[in-house]
Amino acid sequence: ESELGMIPKGWEVGCLSDIVNKINDRQKAGEHLFNLPYVPIDLLNKKNLSLSDTKPGSEAKSSLIKFCKDDILFGAMRPYFHKVCIAPFEGITRTTCFVLRPKKNFYFSFAVLTIFRDETINFADSNSKGSTIPYADWESAMANMKIVIPNDDVLYRFDEVVRPMLSLIRDRYYQNKCLKDTRNYLLPRLLSGEIDLSEAKERIQEVLNNA
């Protein structure tokens, strides 16, 4: 028995802040960020853990936070849009996103899927601040959201099984980027007759093999 109902023996009721930290690595805009991809909230996909696009770091102007590969980006502005993704690289976002990092490496899979759950999104939305543009509240609400936490042995084994699948989802960004770049390279040349279809097929296959 627990305050959340029946739970497996050895598991416990905790809070979201028991498995992730909210990172506040604030950055000032400048040339030192130009080599980093910029991911504002509008580039996060709805109900999709994979990122599909970025902006150049030169466009990052204010309220900036640095994130690392495998951090969890959570769209805090209008949380009902359900924008959660796994960062495929080190980069920059804005404070309209929470940067969440698992407290232990083997918490990764459980943390990602817990934050991605509809229940977490609904909790963030119902406890958000502001009426016109609601913002999720980490310190006073989400950090204290009650969750059931498995023991470390289960979390470790779960991560061993699930992490490879989440990594495939994360790395789909690079495959999509390669395909977009290839499309932008080939399409005008195909239309102008500069290259023929057989050459295009070879180019696409080469890109897919290297992605």
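## Considerations on helix α3 (residues 152-192)
Then, number 1: Between its terminal C-alpha atoms α3 stretches 59 Å, which fits the 60 Å expected from 41 residues at 1.5 Å a residue.
Then, number 2: If you check which residues of α3 are buried, you get Leu-155, Asp-159, Val-162, Arg-163, Leu-166, Ser-167, Arg-170, Tyr-173, Thr-182 and Leu-186.
Then, number 3: One or two steps after α3, the chain reaches Gly-193, where phi turns positive at roughly 80°.

## Let's talk about the nonpolar core
Then, number 1: With 30 residues, the main nonpolar core has Leu-16, Ile-19 and Phe-74 as its most contacted residues.
Then, number 2: If you list the elements that add at least two residues to this core, you get β5 (72-75), β6 (84-86), β8 (97-102), α1 (108-116), α2 (118-126), β9 (146-149) and α3.
Then, number 3: Top element by residues in this core is α1. It accounts for five residues.
Then, number 4: Apart from the residues within four sequence positions on either side, Ile-19 is in contact with Arg-101, Pro-102, Lys-103, Tyr-107, Phe-110, Ala-111, Thr-114, Ile-147 and Ile-149.
Then, number 5: Core analysis: the second largest hydrophobic core is formed by 15 residues, Leu-43, Leu-51, Phe-67 and Ala-87 among them.

## Quick notes on the sheet that holds strand β7 (residues 91-94)
Then, number 1: Across the sheet, which stays open at both edges, the three strands sit in the order β3-β4-β7 with antiparallel pairing between neighbours. Where the open sheet ends on each side, the last strands, each with one partner, are β3 (26-27) and β7.
Then, number 2: By the bridge criterion, four bridges tie strand β4 (residues 64-67) to β7 in an arrangement that is antiparallel. From the neighbouring strand, Ile-65 faces β7, where its bridge partner is Thr-93.

## A closer look at the packing of α1 against α3
Then, number 1: At a minimum axis distance of 7 Å, the contact between α1 and α3 shows a crossing angle of 70°. As summarised for this structure, α1 and α3 are arranged roughly perpendicular, according to the angle between their axes. Residues Phe-108, Ser-109, Phe-110, Val-112 and Leu-113 of α1 form the contact with α3, whose participating residues are Leu-155, Phe-158, Asp-159, Val-162, Arg-163 and Leu-166.
Then, number 2: Considering only residue class, the contact of α1 with α3 consists of eight nonpolar, one polar and two charged.

## Side note on the pattern of salt bridges
Then, number 1: Taken as a whole and judged by the stated rule, the model has eleven salt bridges.
Then, number 2: Among the ionic pairs, Asp-159 bridges to Arg-163, the shortest N-O distance being 2.9 Å. Taken together, the residues Asp-159 and Arg-163, both in helix α3 and four residues apart, mark about one turn of the helix. Residues Asp-159 and Arg-163 agree in their burial class; the two are buried.
Then, number 3: Connected through shared salt-bridge partners, Asp-70, Arg-170 and Asp-171 make up one network.

What counts, and at which threshold
Each chain has its residues counted from 1, running along the sequence as written. Reporting in this predicted model follows two pLDDT cut-offs: at least 70 for local features of residues, and 80 or more for side-chain atom pairs to be given and counted; totals over whole chains, interfaces and linings ignore these cut-offs and use all residues. With hydrogens and water set aside, each side-chain value is computed from the structure's full complement of heavy atoms. Numbering of helices and strands starts at the N terminus; helices are DSSP runs of H or I of at least 4 residues and strands are runs of E of at least 2. Expected helix span is given by 1.5 Å per residue-to-residue step, counting one fewer step than there are residues. Burial here depends on accessible area, computed with a 1.4 Å probe over protein chains only, as a share of the maximum for the residue type. Under 20% is buried, over 50% is exposed, and the range in between is partly exposed. Buried Ala, Val, Leu, Ile, Met, Phe, Trp, Tyr and Cys residues form a nonpolar core when they are joined through side-chain atoms within 4.5 Å. The contact criterion used throughout is that any non-hydrogen atoms of two residues lie within 4.5 Å. Between any two strands, at least two bridges found by DSSP are needed for them to pair. Only the stretch in contact is used when a helix axis is fitted, and all axes are lines through C-alpha atoms; the angle between N-to-C directions ranges over 0 to 180 degrees. For classification purposes, angles smaller than 35 degrees are called roughly parallel, those larger than 145 roughly antiparallel, those between 65 and 115 roughly perpendicular, and all remaining angles oblique. Classification convention: Asp, Glu, Lys, Arg as charged; Ala, Val, Leu, Ile, Met, Phe, Trp, Tyr, Cys, Pro as nonpolar; all other residues, Gly among them, as polar. Salt bridge criterion: a side-chain nitrogen from Lys or Arg within 4 Å of a carboxyl oxygen from Asp or Glu.

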